Amino acid sequence: MIATDTRKVKEILPKVKVEEDAESLYQEDSGDTFWGGFQYVIGGIIVLLMTLGIGTFVAMIIIDDGGGLDNLFGFICFGIFGIIMLGVGCWLLSTGIYNTRVAIKLTPGRIYFKEWPLKQNDIFEFTYRRRAKVPLHLSGLTAKIICKEVATYQQGTNTRTVTEKIYEQELERVEHHSREDFISHTWVWNIPPDAPISLSVYRNEIQWSLVVGVEFLDFLNDTSEFTLLLNPERVQ
Amino acid sequence: MIEFQIENDTTEPLGKIHGRVTWTPEKEVTPKALIVSLMWRTEGRGSEAKDTVAEVRQTPGPVFAGDPFEMEFEFEIPEEGPVTYNGKLIRVIWEVHFRADIPWAWDVTDATLITVEPRLVAR
């Protein structure tokens, strides 16, 4: 009897943006852009100014009321709120400044490769490339492959997400002692035959990623993160 | 009573699953439809994701008590899977599911597990 296709879920694998140039395929780290960093800076400034403004307003009300123990509860509540908001504002500002500084000196990292998607029991050879806008003193390069399960569930009105790292492999660390304006290194990863296949369905994901770390002597260390897509092994 | 007979309960993406379901009703009924479907679902910490990949339907008319009714099926596993998986937070389970849609009564259902291995046979 002929079966009717009734699939509703069309996407089983995560969407990963891979581009092609004349020689090979490549993927670019979408983080660390100048605009991304600038947005964090603006967000941080807005949060800090709002906290300062609300703080001044609350303080004026308390002073007008003549202070005293009657306002102690309100003062403590606002104090806790103010500390949290100051923390959020400072985190946004520092992240923004960090990302903007990196984006001013370095272009986004890219990995170049020949085969896509990756397959179990295969070899993944990739070249990490990144250009510094002024020569920087490079000290080392690291690369790490990570696989994690991400499960999201509902608990009452809250949506919770749990993550479990199920695979991690550090690739060979590369030592550098030179001033460079072009960073490039090729790594090879032997994909295990029993590596879990990528999955991205409603509230359940198996995510593969590659994290490349760049260490400098005269600048901030930085990382580039790329999403990998692992498919089943192809057999004859 | 529902009985599944599957020739190959382990396959791979693009592989086929052949078999037959035999349903022996306990009393005479006229089901609206008999449906055999191939489906996958997730189990574990995350909310359930599921999908029915393909199905076969039949409208047999009256079915008599103790009289076995057989349905054959052949399904193809999609290329993109997902494959059977048993992880720490997530499990992906494939099954062949039978349902007799009986008017004004509980549906009769049963399922049997199959395994979709993570290998893709080159064609």
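As the structure is a computational prediction, the values presented were derived from the model and not from experiment.

A tally of helices and strands in chain B yields 0 helices and 10 strands. Its C-alpha atoms put chain B at 45 × 35 × 20 Å along the principal axes. Of all intrachain contacts in chain B linking residues separated by at least 6 positions in sequence, the fraction that spans at least 24 positions is 63%. Summing over all exposed atoms, chain B offers an accessible surface of approximately 6100 Å²; the carbon and sulfur share of this is 46%. Once the 13 positive and 22 negative side-chain charges of chain B are each reduced to a mean point, those two points are 7 Å apart.

Another point: unusual backbone geometry. Residues and elements named next belong to chain A. Residue W116 is joined to P117 through a cis peptide bond whose omega torsion reads -5°. Position of P117 among the secondary structure elements: in the loop between β4 (110-113) and β5 (118-119). With phi around 65°, N121 is a residue other than glycine that occupies positive phi space. Assignment of secondary structure puts N121 in the loop between β5 and β6 (123-155).

In this section: the confidence of the model for chain A. Of all residues in chain A, 91% have pLDDT values of 70 or greater, and the mean over the chain is 85. Looking across chain A, the model is least confident in strand β1 (residues 4-5) of chain A, with a mean pLDDT of 70, and most confident in strand β7 (residues 158-170) of chain A, with 95.

Next up on the list: empty space enclosed by the protein. If a probe the size of a water molecule is rolled over the atoms, the empty space left behind becomes visible. Applying the stated criterion across every chain, the model contains 2 cavities of 30 Å³ or more. Of the pockets and cavities examined, the largest cavity occupies roughly 70 Å³. I12(A), L13(A), I197(A), S198(A), L199(A), I206(A), E80(B), P82(B), V83(B), Y85(B) and V92(B) are the residues that line the largest cavity. Counted by class, the lining of the largest cavity contains 9 nonpolar, 1 polar and 1 charged residues. Here the second largest cavity is characterised by a volume of approximately 50 Å³. Those elements that place two or more of their residues in the lining of the second largest cavity are β5 and β6 of chain A. Partitioned by chemical class, the residues of the lining of the second largest cavity number 5 nonpolar, no polar and 3 charged.

The next subject is the interface of chain B and chain A. Listed by partner, the interface residues are 39 residues for chain B and 37 residues for chain A. Between chain B and chain A, the buried area comes to about 3000 Å², and carbon and sulfur atoms account for 61% of it. On inspection of chain B and its partner chain A, the count reaches 1 salt bridge. With a shortest N-O distance of 4.0 Å, E164(A) and K88(B) are connected by a salt bridge. There are 9 residue pairs in polar contact (both at pLDDT 80 or more) connecting chain B and chain A. Breaking the side of chain B that touches chain A down by element, the ones donating at least two residues are β4 (33-44), β5 (50-58), β6 (69-76), β8 (90-101) and β10 (119-121) of chain B. Per-element accounting of the side of chain B that touches chain A gives the leading share, 9 residues, to β5(B). Class assignment of the residues belonging to the side of chain B that touches chain A gives a composition of 20 nonpolar, 7 polar and 12 charged. As paired elements, β1(A) and β5(B) share 2 bridges and run antiparallel to each other.

What counts, and where the lines are drawn
Residues numbered from 1 in each chain as written. Chains lettered and ligands numbered in written order. Predicted model: local features only at pLDDT ≥ 70, side-chain atom pairs only at ≥ 80, totals over all residues. Heavy atoms only, no water. Helix = DSSP H or I, 4+ residues; strand = E, 2+ residues; numbered from the N terminus. Contact = heavy atoms within 4.5 Å. Areas by Shrake-Rupley, 256 points an atom, 1.4 Å probe, with all protein chains shown as cover. Lys, Arg positive; Asp, Glu negative; His and termini not counted. Charge placed at Lys NZ, Arg CZ, Asp CG, Glu CD. pLDDT = per-residue confidence, 0-100. 1 Å grid on protein atoms, 1.4 Å probe; cavity = no way out; pocket = protein on both sides within 12 Å on 5 of 7 lines; lining within 4 Å. Points joined across faces, edges and corners; volume = space filled by probe spheres on them. Nonpolar A, V, L, I, M, F, W, Y, C, P; charged D, E, K, R; others polar. Buried area = accessible area lost by both parts, 1.4 Å probe. Salt bridge = Lys/Arg side-chain N within 4 Å of Asp/Glu carboxyl O. Polar contact = N/O pair within 3.5 Å; in protein donor to acceptor, adjacent residues only side chain to side chain. Pairing = 2+ DSSP bridges.

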